[in-house]
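Given next are the chains, with one letter for each unit.
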Amino acid sequence: RHEKSMLFHSTPVKPESLEDLWENLSLKPANTPQVNISDSLSRRVINEVWQEQTIARLLQLVDLPLLESLLDQQEIRPQLPQPRKGTGYVITSNYLDREILKAFSDSQTDEWLSAAIDCLEYLPDHMVVDISRNLPDQPDQAGTWKLLLFENIGRYYGQKKEPLLSHASEIHSGIAELLVNGKMEQSLEAVQLYLKLLDSQVREEFRRLLYFMAVAAHNSELKLQKESDNRMVVKRTFSKAIINNKTLSRGKTDLLILFLVDHQKDVLKIPGTLHKMVSEKLLALQKGQDPSKITGYTFCQKLDEREYRSNTEKTTKDELLSLLKAIDEDSKLSDKDRKRLLDQFHSTNPSIFMQYFGDRVTNMCV
């Protein structure tokens, strides 16, 4: 327990600012000097690349403006039960109760029980004591004890003030909209990217709870409530502990919760596209390339300044020729109006006028 506590209190990595991040995602040509990076990248640099590329890909999938809240990495306090100061029977008792439950879980082959007991690590001591003192004496009492576990875990999470998925709540609507439109593959990838941004402690608690929810929802042998489908009971019991977004309709919230439960085995995986983006950028950084030119997933083709000017001039010229042709061939224009428009065009763009009419220029009344 002491080692776990030390790990949870490790110094958090300070995130880069919104301006720094968006500069790396900029589509404008950069003239900054080459950055020399050693072959061994620091953990801080690697973490920043993961965060940057995750956000870049997420914003490409979900049609929303840049989300500043995605960059707000506030320190999360440890969720695991912490022993009280001092020594005595109460502390020893609580510790033993948790150890008894863990030993009981390890001795079971029942997926339902193992998933539930894993969630008890986040419950307060007094609830754990009550549960451990009601361990079944006989194997045929397992069903009753499972219901007791579900009731206690549900009561604890029903009282939580802060939902587990409270960060960047704006993204909930974007993912829900993808689900409503039947874009399941995009929805799954967007959820995977969104969950990748979770604090590691919250991510572990969410993983355990979602696993328990999925097992309880899809288990047909144990009825959680009479005359109710297990999926609906699980959704009603834990919905607010997962997402409690006032701007999201109840229907979309339910849709998102059930999607998480039904795809529990996949939502916490890392998308292959993100792996590729991160690998390419880290490799480029190791080679000492300019990081501002390495965006990973690009939203459009990048051009250097000379190509940009050339394309701009060509596009403008093509559009002006198209406009001149439309004036020349518009049968609805009177001769007077056509002459007036051609005079205006000639006065502002004589070279394009000459190119279009060619040998006919001498016959034009301009």
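Numbers given for residues are sequential positions, taken from 1 along each chain in its written order. Only residues with pLDDT of at least 70 are given local features in this predicted model, and only at 80 or more are side-chain atom pairs given and counted; all residues enter the totals for whole chains, interfaces and linings. Side-chain descriptors were evaluated using all non-hydrogen atoms of the structure, hydrogens and water having been removed beforehand.

### A word on the overall build of the protein chain
- Helix and strand assignments come from DSSP, with helices taken as H or I runs of at least 4 residues and strands as E runs of at least 2, each series counted from the N terminus. Summing up its helical and strand segments, the protein chain has 16 helices and 0 strands in all.
- Only protein chains enter the accessibility calculation, which uses a 1.4 Å probe. A residue is then buried if its area is under 20% of the maximum for its type, exposed if over 50%, and partly exposed in between. For the protein chain, the residues scored as buried account for 40% of the 366 residues in total.
- Using a 1.4 Å probe, the Shrake-Rupley method yields the accessible areas, and only the shown protein chains count as cover for residues. Summed over its atoms, the accessible surface of the protein chain is roughly 22100 Å², and 50% of this surface lies on carbon and sulfur atoms.

### With respect to unusual backbone geometry
- In this structure, A168 takes a positive phi of about 45 degrees despite not being glycine.
- Within the secondary structure layout, A168 lies in the loop between α7 (142-158) and α8 (170-180).
- When its relative accessible area of 4% is taken as the criterion, A168 is described as buried.

### So, helix α10 (residues 200-218)
- Its 19 residues give α10 an end-to-end C-alpha distance of 27 Å, which sits within 8% of 27 Å, the value for a rise of 1.5 Å per residue.
- Within α10, 14 of the 19 residues are buried, which leaves the element mostly enclosed by the surrounding structure.
- The N-cap of α10, judged by a side-chain oxygen 2.9 Å from the amide nitrogen of Q201 a few residues on, is D199. Helices are assigned an expected span. That span is 1.5 Å times one less than the residue count. N or O atoms closer than or at 3.5 Å make up a polar contact, with two conditions inside protein: a donor-capable atom paired with an acceptor-capable one, and, for residues adjacent in sequence, both atoms drawn from side chains.

### Side note on the nonpolar core
- Here, the term nonpolar core denotes a set of buried Ala, Val, Leu, Ile, Met, Phe, Trp, Tyr and Cys residues that are joined through side-chain atoms within 4.5 Å. Counting residues in each nonpolar core, the largest one holds 71 residues, and the members touching the most others are W112, F150, I153, L165, F212, F238 and I242.
- Sort the elements by how many residues they give to this core and α10 lands first, with 10 residues.
- With residues near it in sequence (within four places) discarded, L165 still touches H172, Y194, L195, L198, F206, I242, I243 and L260.
- Judged by nonpolar contacts, the second largest core, of 7 residues, contains L342, F345, F353 and F357. Contacts were defined at the residue level, with two residues in contact if any of their heavy atoms lie within 4.5 Å.

### Let's talk about the pattern of salt bridges
- By definition, a salt bridge exists where a carboxyl oxygen of Asp or Glu is found within 4 Å of a side-chain nitrogen of Lys or Arg. Summed over all chains, the structure comprises 17 salt bridges.
- Note that K146 is salt-bridged to D110, the shortest N-O span being 2.7 Å. Residue K146 is found in helix α7, and its partner D110 is found in the loop between α4 (89-106) and α5 (111-119); the two are separated by 36 residues along the sequence.
- For K146, a relative accessible area of 10% corresponds to the buried category.
- Given a relative accessible area of 23%, D110 falls into the partly exposed group.
- Notably, a salt bridge pairs D254 with K235, separated by 3.4 Å at the nearest N-O pair. Within this pair, whereas D254 is found in helix α12 (residues 250-262), its partner K235 is found in helix α11 (residues 230-242), the two being separated by 19 residues in sequence. By the burial criterion, D254 is buried, and K235 matches it.
- Several salt bridges share partner residues, and in doing so they unite E121, E204, R207 and R208 into one network.

### Concerning the packing of helix α15 (residues 335-348) against helix α16 (residues 350-357)
- Lines are fitted to the C-alpha atoms to define the axes, a helix being fitted only along its stretch in contact, and any angle between axes, read from their N-to-C directions, falls within 0 to 180 degrees. Packing of α15 against α16 brings their axes to within 5 Å, and their N-to-C directions diverge by 120 degrees. Taken together, α15 and α16 sit at an angle that is classed as oblique. Between α15, through L342, F345, H346, S347 and T348, and α16, the contact on the second element is made entirely by P350, I352, F353 and F357.
- Residues are grouped as follows: Ala, Val, Leu, Ile, Met, Phe, Trp, Tyr, Cys and Pro are nonpolar; Asp, Glu, Lys and Arg are charged; every other residue, Gly included, is polar. Class assignment of the residues belonging to the contact of α15 with α16 gives a composition of 6 nonpolar, 3 polar and no charged. Should an angle lie under 35 degrees it is considered roughly parallel, over 145 roughly antiparallel, and from 65 to 115 roughly perpendicular; all remaining angles are considered oblique.

### Remarks on the environment of L324
- Tracing the chain through its elements places L324 in helix α14 (residues 305-329).
- In this structure L324 comes out as buried when scored by relative accessible area, which is 0%.
- The spatial distance from the C-alpha of L324 to the C-alpha of L341 is 9.1 Å, given a sequence separation of 17 residues.
- With sequence-adjacent residues up to four places away left out, L324 is seen in contact with L342, F345, I352, F353, Y356 and F357.

### Some words on the packing of aromatic side chains
- Side-chain rings of Phe, Tyr and Trp (the six-membered ring for Trp) are treated as a pair once their centres are within 6.5 Å; stacked means planes under 30 degrees apart, edge-to-face means over 60, and tilted covers the remaining angles. Taken as a whole, this structure holds 8 aromatic pairs when the rule is applied.
- Measuring from ring centre to ring centre gives 6.0 Å for F150 and F212, while their planes differ by 45 degrees; the resulting arrangement is tilted. Pair noted here: F150 is in helix α7 and F212 is in helix α10, with a separation of 62 residues, a long-range link.
- The class of F150 is buried, set by a relative accessible area of 9%.

### Side note on the environment of L260
- On the secondary structure map, L260 appears in helix α12.
- Under the relative-accessibility criterion, L260 is labelled buried at 3%.
- For the pair formed by L260 and A214, sequence separation is 46 residues and the distance between their alpha carbons is 8.6 Å.
- Aside from chain neighbours lying at most four places away, what touches L260 is L165, V191, F206, L210, I242 and V267.

### Side note on a positive patch on the surface
- What makes a patch is a set of residues exposed beyond 30% relative accessible area and free of salt bridges, joined within 9 Å when like-charged and within 5 Å when nonpolar (Val, Leu, Ile, Met, Phe, Trp, Tyr). Charge counting follows a simple rule: Lys and Arg are positive, Asp and Glu are negative, and His as well as the terminal groups are ignored. Throughout, a charge is located at the NZ atom of Lys, the CZ atom of Arg, the CG atom of Asp or the CD atom of Glu. A cluster of like positive charges, contributed by R236, K240, K246 and R250, occupies part of the molecular surface.
- Mapped onto the secondary structure, K246 falls in the loop between α11 and α12.
- Classification of K246 by relative accessible area gives exposed; the value is 74%.

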